[in-house]
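Each chain, written out:
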Amino acid sequence: MSTAVAIHEQAHVPQPKQISNPGGFLRRTNFLTALVSGVVTAAIFWFATDKITSAVTGPGATNNMSLPSGLNISITMMYIGWVLGFMAGIGAFAGPIRWFLGHDLTHADAEYMAGKDMGREKFWKFTTDHKVVGIQYLVVTLILFGFGGLLAMLIRTELGATWTEVFNPNFYNSIIGTHGIVMIIAMIIVISGPIGNFIVPIMCGARDMAFPRLNALSIWLLIAAIPPLVSNLLMGGIRDGWTVYQPLADQAPIGMIGYQVCIITFAFSTGIASVNLITTIVRMRAAGMTWSRTPILVYGILGSAIMGLVWFPMYQYSQILALSDRTLLTSFFVPASGGSVWLYENLFWLLGHPEVYVIVIPATAGVLEYLPVFVRKPLFSYKLAVAGIFGVVGLSAVVWVHHMYMTGWAPQSNYPFMMSTEMISIPFSFLVLVMLGTMWRGMPWKRLPMMAVYAVVWNKVIGGITGVYLSDTPVDQYMHGSMFVVAHFHYMLMGAGLFGAMGVISYFFPKMIGRYLDEFWGSVGFWTAFAGFQVTFMSMFVAGLQGMPRRVLQFDSLFNISNWISTIGAYVIGIGMLIFLYAIVDSWRNGIIAPDNPWGGKTLENFTSTPVPHENFPVLPVVTSGPYDFGTPDPYELADDAIMRKTEGAEKVSARS
Amino acid sequence: MSDSTATEIGRTLSSTTGEMVEVTGSRDKLGVWMIIVSCTTGTIALLVSYAYLWSLNVNSAWAPTSGSANWAPVWPFWVIFTAMFIATLIMWNGYRGLCSGKVAAMKSAALLSSLLLLGAFVAQIFQIARFPFGPADGAYASATLWLAIANGIWLFLAVFLAMAIFNRTRAGRVTPENPNHARLVAMFLTYLCVAAFLGSVFTTVMQDSPNTQSPPFGTFSQ
């Protein structure tokens, strides 16, 4: 993207009175103070609530499913105390209190909070710089993938060891549920977190996100949300899958509360992040960056943020009400006292299905973003790609019922929702067609990010086509609840989402870290994981077609072979991911130093130095051309050709005469 | 939200970013709109839950009929809503006054609005404490209780915001040159009014379930 510079007049701005040293209270807060504050507040909330509930309800009070209600309330308050204490300890409440008191931030305060000249300490503080937040998201994502991946290995170990029972069935079910929700959270943030925060503002030509303090708030809320979720494994676990259907969730051990508090907190984090991303993209694009010059990744992040913003509260409220059923003994989802399990399923899937697109759209848009760079061609049918993204965003609102075909809820709605679900494959296929069209007759550079394009196309086609079958009501009657479904959504979420994210991260890694990702070990890890992925989930398709149900510990010997193969494939994925992780960690320290424009791209992040300076650009850029103007003939050569043609024509004319 | 400000050569600039306050105000406005969109979805979730359980009357357990439990009187919902509505009107009025240069009007409007909202918040707590049912007295009790709790949480936030505008106007942060934050708070209060109004309508209109012959559902107990 060609740029011209705009001279930004730096006016002198009189400052409010500096009350204390720049940063104020935040000078004394960091991750350690947050941990201490969180643990202490959690303990205080636990003891206080325990005393109060014992006095009020007595020791024998139970909830709808005969679980001690006092214990439920105490555990809930403990987790709430943890989140509040942690956020207070990191300094998240300092901003609202200052705003309330009218003590506005000075420029020096803002510079301190953005971590200017602070060194590595800024990564452990409530830092507002979007680049720091992007790196924090990247690290948190990697940790979540590591944990979720470890649980996946345990699941496959159990299913592969067909001759014995490795885990207690309850613990096995808890592993399944925890693996599911950890991976869902990790996949939701894997692009929108690191890339959305680090790259998108620079790609838009902005100095920071629209609301820097909200940006820091979103990552620290996410970090606060994780311990309650992980701790469920120590408190009876979540045995009901990541969907935690009612009334099973109401009957589950107290570990379920960790899940619920995690989701409620994570929804706040996601909502705040979505508000920030949407506002940044809509309001802070550089001069000259019209909507038709906006990079496709920005559209992808925008679409994902819109879906997250609109639908996440449904999921959040489903968990608030479920928690209320456990603790306050209300009856939203308890049929015996007037509740409905269908209500839960509706609220849950209103986010539960759009969440697939929240995950896949940014990864796909990220791949589309760098594809033209590697084939040195314009993006094929840019407008079709934009239409595809917003077609998916629009239709995502009317597809959730296909998860409820077999529940008996409103059977007459099955066919309209079958139609809408099948229709969403149309805008989705636009995106695949744009990929294929861009590659058509291209001469791609065979680099690691480009490899991910092939993987994504392959996986997305398989995941997409099997999804069309599953959205078909008659087919779903047979396939529902089988391993076929598990294989399908892994092809979409992991195959298209995660492998796409690996490509996107490897593409932006040099800009974010300042060093190239190791091409050799990155590729070895990527292809090893890809091969293992095909083995694992192709075999799982077979098991599903044979009729193997999902979420079971013991199964007929008919399914042994396919499960052995799947388990071997899963271990191969694990090895591949470890190699890829090694490539990331090693490259972070020892990779080849990247130039300012690591891949010869034309988007704005390539027009600032690497590493990206504190204020992103010395002067704000002005956009004068599109982001994918590769292969445009050189105007000078065009003019030269025209002169040549005219000269040749004149010579021919004179020769004839 | 970006913070205010100082005036130079006829322009008001943000002390934090150095941008014109019209620019930061435009961002803030869109951000608040987005927050309202998200909150609206949450409100819809509660209202849908209410209407859904009302229409199904699962196991004939919608109505709060056990023991002394009864329907909640509807007038407190409307009293609380009316207080919120008046507080919002006052805040908008103060904002208009501020835009025409009357700082004192904004100050008094924010103070009055805060007091009204505080009153509504206290009334909300009283209403919850005096409901003629407990949380476990059927689906109506659950849905109504949560509409009231949600409104109480919103009112707590509203009191915080309105008092902050009062403080900030006194401190010279909300000024005729930079009235953005007062407008944002008034916008948010308007949304809260709509949410409270819908909650009041639902609890007033939808009491007896239309489904008088609901089929028994399994209790799904262990």
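Everything quoted here is computed from the prediction, not taken from an experiment.

**What to know about the overall build of chain B**
- A count of helical and extended segments in chain B gives five helices and two strands.
- Start at the N end of chain B and walk to the C end: the helices and strands fall as β-β-α-α-α-α-α.
- Taking 2.2 N^0.38 as the reference for a compact globule, 222 residues should give roughly 17 Å; the C-alpha atoms of chain B span a radius of gyration of 21 Å, well beyond that estimate.
- Each principal axis of the C-alpha distribution contributes one length, and for chain B these read about 75 × 30 × 30 Å.
- For chain B, the proportion of its 222 residues judged to be buried stands at 51%.
- By sequence separation, contacts in chain B at least 24 residues apart represent 73% of the contacts at least 6 residues apart.

**Some thoughts on the overall build of chain A**
- Tallying secondary structure elements over chain A gives 22 helices and two strands in all.
- Taken along its principal axes, the extent of the C-alpha atoms in chain A is 110 × 70 × 50 Å.
- Classification of the 657 residues of chain A by burial places 58% in the buried group.
- Of all intrachain contacts in chain A linking residues separated by at least 6 positions in sequence, the fraction that spans at least 24 positions is 84%.

**Describing the interface of chain A and chain B**
- In this complex, chain A contributes 48 residues to the contact, which on the side of chain B involves 47 residues.
- Every element with two or more residues in the side of chain A that touches chain B is listed here: α3 (94-101), α4 (107-113), α10 (255-283), α11 (296-327) and α12 (341-352) of chain A.
- The leading source of residues in the side of chain A that touches chain B is α11 of chain A, at nine residues.

**So, the environment of Met106 of chain B**
All names here are of chain B.
- Within the secondary structure, Met106 sits in helix α3 (residues 103-129).
- Met106 gets classed as buried once you count the C-beta atoms within 10 Å, which come to 27.
- Along the chain, Met106 and Ser66 lie 40 residues apart, while their C-alpha atoms are 50 Å from each other.
- The contacts of Met106, once residues within four sequence positions are left out, are Gly94, Tyr95, Gly97, Leu98, Thr169, Val174 and Ala182.

**Observations regarding the environment of Ala48 of chain A**
- Within the element layout of this structure, Ala48 of chain A appears in helix α1 (residues 31-57).
- On a C-alpha basis, the gap between Ala48 of chain A and Ile320 of chain A in space is 22 Å, while along the polypeptide they are 272 residues apart.

**Observations regarding the domain arrangement of chain A**
All names here are of chain A.
- When the domains of chain A are assigned, the result is domain 1 (19-119) and domain 2 (128-623).
- The C-alpha-based centres of domain 1 and domain 2 are spaced at 29 Å.
- Examining the composition of the side of domain 1 that touches domain 2, we find that 13 residues originate from one element, helix α2 (residues 69-90), more than from any other.
- Each residue belonging to the side of domain 1 that touches domain 2 can be placed in one class, and the counts come to 14 nonpolar, seven polar and one charged.

**Things to note about helix α14 (residues 382-395) of chain A**
Residues and elements named next belong to chain A.
- Compared with the 20 Å implied by 1.5 Å per residue over 14 residues, the 20 Å span of α14 between its first and last C-alpha is a close match.
- Considered for burial, the residues of α14 that qualify are Tyr382, Ala385, Val386, Gly388, Ile389, Val392 and Val393. What you see down the axis of α14 is that its buried residues fit within an arc of 155°, all on one side.
- Contacts from the buried residues of α14 go to α11, α13 (354-375) and α16 (425-439).

**Section: the environment of Val83 of chain A**
Residue and element names in this part refer to chain A.
- Take Val83: it is sitting in helix α2.
- Judged by the 22 C-beta atoms lying within 10 Å of it, Val83 falls in the buried class.
- Taking the C-alpha atoms as reference points, Val83 and Ile238, separated by 155 residues in sequence, lie 20 Å from one another.
- Residue contacts for Val83: discarding those within four places in its chain leaves Ala224, Val261 and Thr265.

**A look at the packing of helix α2 (residues 75-99) of chain B against α3 of chain B**
All names here are of chain B.
- Relative orientation of the contacting elements α2 and α3 amounts to 165°, with a least axis distance of 8 Å. With respect to α3, the element α2 is oriented roughly antiparallel. For the pair α2 and α3, the crossing hand works out as left-handed.
- Within the contact of α2 with α3, the residues separate by chemical class into 21 nonpolar, seven polar and no charged.

**As for the confidence of the model for chain A**
- Per-residue confidence for chain A gives a mean pLDDT of 90; residues scoring 70 or more make up 92%.
- Below a pLDDT of 50 lies the segment residues 2-11 of chain A, which in the model reaches 22 contacts outside its immediate sequence neighbourhood of four places, other chains included.

**Observations concerning unusual backbone geometry**
Residue and element names in this part refer to chain A.
- Here the amide bond leading from Gln246 into Pro247 is cis, since omega sits at 0°, within 30 degrees of zero.
- Its place among the elements puts Pro247 in the loop between α8 (212-231) and α9 (248-251).
- The step from Thr610 to Pro611 runs through a cis peptide bond, and the omega angle for that step is -5°.
- Within the secondary structure layout, Pro611 lies in the loop between α21 (560-590) and β2 (621-623).
- With a phi angle near 45°, Ala410 is a residue other than glycine that sits in the positive phi range.
- Inspection of the secondary structure assignment puts Ala410 in the loop between α14 and α15 (414-423).
- Given 13 C-beta atoms within 10 Å, Ala410 falls into the partly exposed group.

**Remarks on the packing of helix α5 (residues 130-160) of chain A against α21 of chain A**
Residues and elements named next belong to chain A.
- Relative orientation of the contacting elements α5 and α21 amounts to 160°, with a least axis distance of 9 Å. Between α5 and α21, the interaxial angle falls into the category roughly antiparallel. In this structure, α5 meets α21 at a crossing whose hand is left-handed. Side by side, α5 and α21 meet where Leu142, Gly149, Ala152, Met153, Arg156, Thr157, Leu159 and Gly160 of the first sit next to Asn563, Trp564, Ser566, Thr567, Ala570, Gly574, Met577 and Leu581 of the second.
- When its residues are assigned to classes, the contact of α5 with α21 shows eight nonpolar, seven polar and one charged.

**Re the confidence of the model for chain B**
Residues and elements named next belong to chain B.
- Considering every residue of chain B, the mean pLDDT works out to 90; 92% of them sit at 70 or more.
- α2 holds the highest mean pLDDT among the elements of chain B, 97, whereas strand β1 (residues 6-8) holds the lowest, 49.
- Here the prediction assigns the complex a pTM of 0.92, and the interface score ipTM is 0.92.

Rules used throughout
Residues numbered from 1 in each chain as written. Chains lettered and ligands numbered in written order. Predicted model: local features only at pLDDT ≥ 70, side-chain atom pairs only at ≥ 80, totals over all residues. Helix = DSSP H or I, 4+ residues; strand = E, 2+ residues; numbered from the N terminus. Rg over C-alpha atoms; globule rule 2.2 N^0.38 Å. Buried ≥ 20, exposed ≤ 12 C-beta atoms within 10 Å, placed from the backbone. Contact = placed C-beta atoms within 7 Å. Domains from an automatic or database assignment. Nonpolar A, V, L, I, M, F, W, Y, C, P; charged D, E, K, R; others polar. Expected span 1.5 Å × (residues − 1). Arc of directions from axis to C-beta. Axes fitted to C-alpha atoms, helices over the stretch in contact; angles between N-to-C directions. Parallel < 35°, antiparallel > 145°, perpendicular 65-115°, else oblique. Left-handed = near helix turned anticlockwise from the far one by under 90°. pLDDT = per-residue confidence, 0-100.

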